[in-house]
Amino acid sequence: QGQLVESGGGLVQAGGSLRLSCATSGSIFNINAMGWWRQAPGKEREWVALITSSGRTNLADSVKGRFTISRDRTKNTVYLEMNTLKPEDTGVYYCASGPATREEKFATVEYWGQGTQVTVSS
């Protein structure tokens, strides 16, 4: 059992950029995959990005070429850099942690962050 603390959400104009941060404990960070999900108003929560404990990354097709996920082992922190933001990127973004499959997907999510709001205006 641990905690995930998110920051970095906000309001941005279409075409702009934001960087989200998620800090956690070493016991979670060092053995699990970490990633991000988002939930737009009136829609189901969808997976966005994943990074394994060894640094391998996977991104949803909708954000490839625009978003980048990374880890900082010295700070037990995962980042999501979002560029060329679109109005359809609007939603609550959740940090997540859990074991990954061989297909670089979450087998399950064991820990969730509290969520941070990202709003992209047109």
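A.B. asks: Give a description of the sheet that holds strand S1 (residues 5-7) that names residues and reports values.
C.D. replies: Spatial strand order, S1-S3-S8-S7: four strands in an open sheet with antiparallel pairing. Whereas interior strands pair on both sides, the edge strands pair on one side only; in this sheet they are S1 and strand S7 (67-72). Strand after strand, the sheet turns through a mean of 15° between neighbouring axes, direction not considered. One ladder, built from six bridges, connects strand S3 (residues 18-23) with strand S8 (residues 77-82); its direction is antiparallel. By the bridge assignment, Leu 20 is partnered in S8 with Leu 80.

A.B. asks: Go over the confidence of the model for the protein with me, naming the residues and quoting the values.
C.D. replies: Put simply, the protein has an average pLDDT of 94, and 98% of its residues get 70 or more. Model confidence for the protein, summarised as mean pLDDT per element, is weakest for helix H1 (residues 26-29) at 80 and strongest for strand S2 (residues 10-13) at 98.

A.B. asks: Before we move on, can you summarise the nonpolar core with the specific residues and values?
C.D. replies: In this structure, Trp 36, Leu 80 and Met 82 are the most contacted members of the largest nonpolar core, which totals 33 residues. When residues of this core are traced back to their parent elements, those giving at least two are S3, H1, strand S4 (33-39), strand S5 (46-51), S7, S8, strand S9 (91-98) and strand S11 (116-121). Looking at this core, the element that brings in the most residues is S5, giving five residues. Leu 80 has contacts with Leu 18, Arg 19, Leu 20, Trp 36, Ala 49, Phe 67, Thr 68, Ile 69 and Tyr 93, leaving out every residue within four places of it along the chain.

Cut-offs used in this document
- Within any chain, residue numbers begin from 1 and follow the written order of that chain's sequence.
- Under the rules for a predicted model, residues below a pLDDT of 70 receive no local features and side-chain atom pairs below 80 are neither given nor counted, while totals for whole chains, interfaces and linings still include all residues.
- Water and hydrogen atoms were dropped before computing side-chain values, which therefore reflect all heavy atoms in the structure.
- Paired strands, in this sense, are two strands between which DSSP finds at least two bridges.
- Every helix listed is a DSSP run of H or I at least four residues long, and every strand listed is a run of E at least two residues long, numbered separately from the N terminus.
- In this analysis, axes come from line fits to C-alpha atoms, helices being fitted only over the stretch in contact, and the angle between any two N-to-C directions falls in the range 0 to 180 degrees.
- The predictor rates its confidence in each residue with pLDDT, a number between 0 and 100.
- For this analysis, a nonpolar core means a set of buried residues of the types Ala, Val, Leu, Ile, Met, Phe, Trp, Tyr and Cys, connected via side-chain atoms within 4.5 Å.
- Burial classes: relative accessible area under 20% of the type maximum marks a residue as buried, over 50% as exposed, and values in between as partly exposed (1.4 Å probe, protein chains only).
- The criterion used for residue contact is that any of the two residues' heavy atoms lie within 4.5 Å.

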